[in-house]
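Chains, contacts and geometry: an overview
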Amino acid sequence: MKKSSVIAWFVALLLGSAGFASADLYVIANKATPITAEEIKDAFLGEKQFSGSLRLIPVDNAALQEEFIVKALKMDINQYNNFWTKKSFREGINPPAGRSGDAEVTEFVRRTPGAIGYVKSAPRGVIVIRKY
């Protein structure tokens, strides 16, 4: 086996074991929430708190949080937690509230103007902002 094939196999094995290899991740928003794909990172890092006059309410999905942080925010979980620890202390704002899974995130986003979250499958009744 060629060295490049071994490396590719190893990387695929690592990604597959982390659960990030082929699964899609959808960032969703309430239908009344005017937000673009380019604004996702800023919203989840507390840099963008309003869209027009509407307060943004990002919500984390505990079942997918680490995958989202890696794919969308380009951080690891420790960097994310450290970021929010410092931001909370300096600016007095809190990290996104968490929900346990897709069903809770979807229901919260569907009924809450300004809400954005992320799930494994694109549900009805919300806007899909971006697919990772």
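Structure shown above.
Right, let's walk through the structure included here. Not measured: the values here are computed from a predicted model. (Residues numbered from 1 in each chain as written. Predicted model: local features only at pLDDT ≥ 70, side-chain atom pairs only at ≥ 80, totals over all residues. Heavy atoms only, no water.)

**Considerations on the overall build of the protein**
Quick note on the threshold: Each helix is a run of H or I in the DSSP string that is no shorter than four residues. Each strand is a run of E no shorter than two, and both are numbered from the N terminus. Throughout, a residue-residue contact means that at least one pair of heavy atoms, one from each residue, lies within 4.5 Å. Surface exposure here means Shrake-Rupley accessible area, sampled with a 1.4 Å probe, where a residue is shielded only by the protein chains that are shown.
Along the protein, the regular secondary structure elements total five helices and seven strands. Starting at the N terminus and walking to the C terminus, you meet the elements of the protein as α-β-α-β-β-β-α-α-β-α-β-β. Pairs at least 24 apart in sequence give 71% of the contacts found in the protein among residues at least 6 apart. Put simply, the protein shows about 7,600 Å² of open surface, and 56% of that area lies on carbon and sulfur atoms.

**Concerning the nonpolar core**
The condition that has to hold: We define a nonpolar core as any set of buried Ala, Val, Leu, Ile, Met, Phe, Trp, Tyr and Cys residues linked to one another through side-chain atoms lying within 4.5 Å. Relative accessible area decides the class of each residue, using a 1.4 Å probe on protein chains only: under 20% of the type maximum gives buried, over 50% gives exposed, and in between gives partly exposed.
Counting residues in each nonpolar core, the largest one holds 22 residues, and the members touching the most others are Phe 68 and Leu 73. Of all the secondary-structure elements, those providing two or more residues to this core are β1 (26–29), α2 (40–44), α3 (65–71), α4 (77–91) and β6 (115–119). Contacts of Leu 73, omitting those with residues within four sequence positions, involve Lys 41, Phe 44, Leu 45, Phe 68 and Tyr 80. Of all hydrophobic cores here, the second largest spans nine residues; its members include Ile 28, Val 105, Val 109 and Ala 115.

**So, the packing of aromatic side chains**
What counts, and what does not: Ring pairs are drawn from Phe, Tyr and Trp, using the six-membered ring of Trp, whenever the two centres fall within 6.5 Å, and their geometry is named by plane angle: stacked under 30 degrees, edge-to-face over 60, tilted for the rest. Whether a charge lies above a ring is judged from NZ of Lys or CZ of Arg, which has to be within 6 Å of the ring centre and within 35 degrees of the ring normal.
According to the stated counting rule, one finds four aromatic pairs in the structure shown. Here the aromatic cluster, defined as three or more aromatic residues joined through ring pairs, consists of Phe 44, Phe 68 and Tyr 118. In this arrangement the basic side chain of Arg 99 is found over the ring face of Phe 108, its NZ or CZ atom lying 4.3 Å from the centre.

**So, the sheet that holds strand β4 (residues 57–61)**
How we decide: For two strands to count as paired, DSSP must find a minimum of two bridges between them. Orientation is described by lines fitted to C-alpha atoms, with helices fitted over the stretch in contact, and by angles between N-to-C directions that extend from 0 to 180 degrees.
Spatial ordering of the open sheet is given by β5-β4-β6-β1-β7, a layout of five strands whose pairing is mixed. This sheet does not close on itself; its edge strands, each paired only once, are β5 (97–99) and β7 (127–131). Shown here is a sheet whose adjacent strand axes are inclined to one another by a mean of 30°, direction ignored. Lying on the sheet, helix α5 (residues 102–111) is in contact with β1, β4, β5 and β6; it crosses β6 at an angle near 155°.

**Thoughts on the pairing of β4**
Of all the five residues making up β4, four are buried; the element is thus mostly covered by neighbouring parts of the structure. Taken together, the two bridges between β4 and β6 define a ladder with parallel strand orientation. Looking across to β6, one finds that Pro 58 is bridged to Ile 116. As judged from the three bridges shared by β4 and β5, these two strands associate in the parallel manner. When the bridges of β5 are listed, Asp 60 appears paired with Gly 98.

**Observations concerning the environment of Gly 98**
Tracing the chain through its elements places Gly 98 in strand β5. Distance from Gly 98 to Pro 58, taken between C-alpha atoms, is 9.0 Å for residues 40 residues apart in sequence. Gly 98 has contacts with Val 59 and Asp 60, leaving out every residue within four places of it along the chain.

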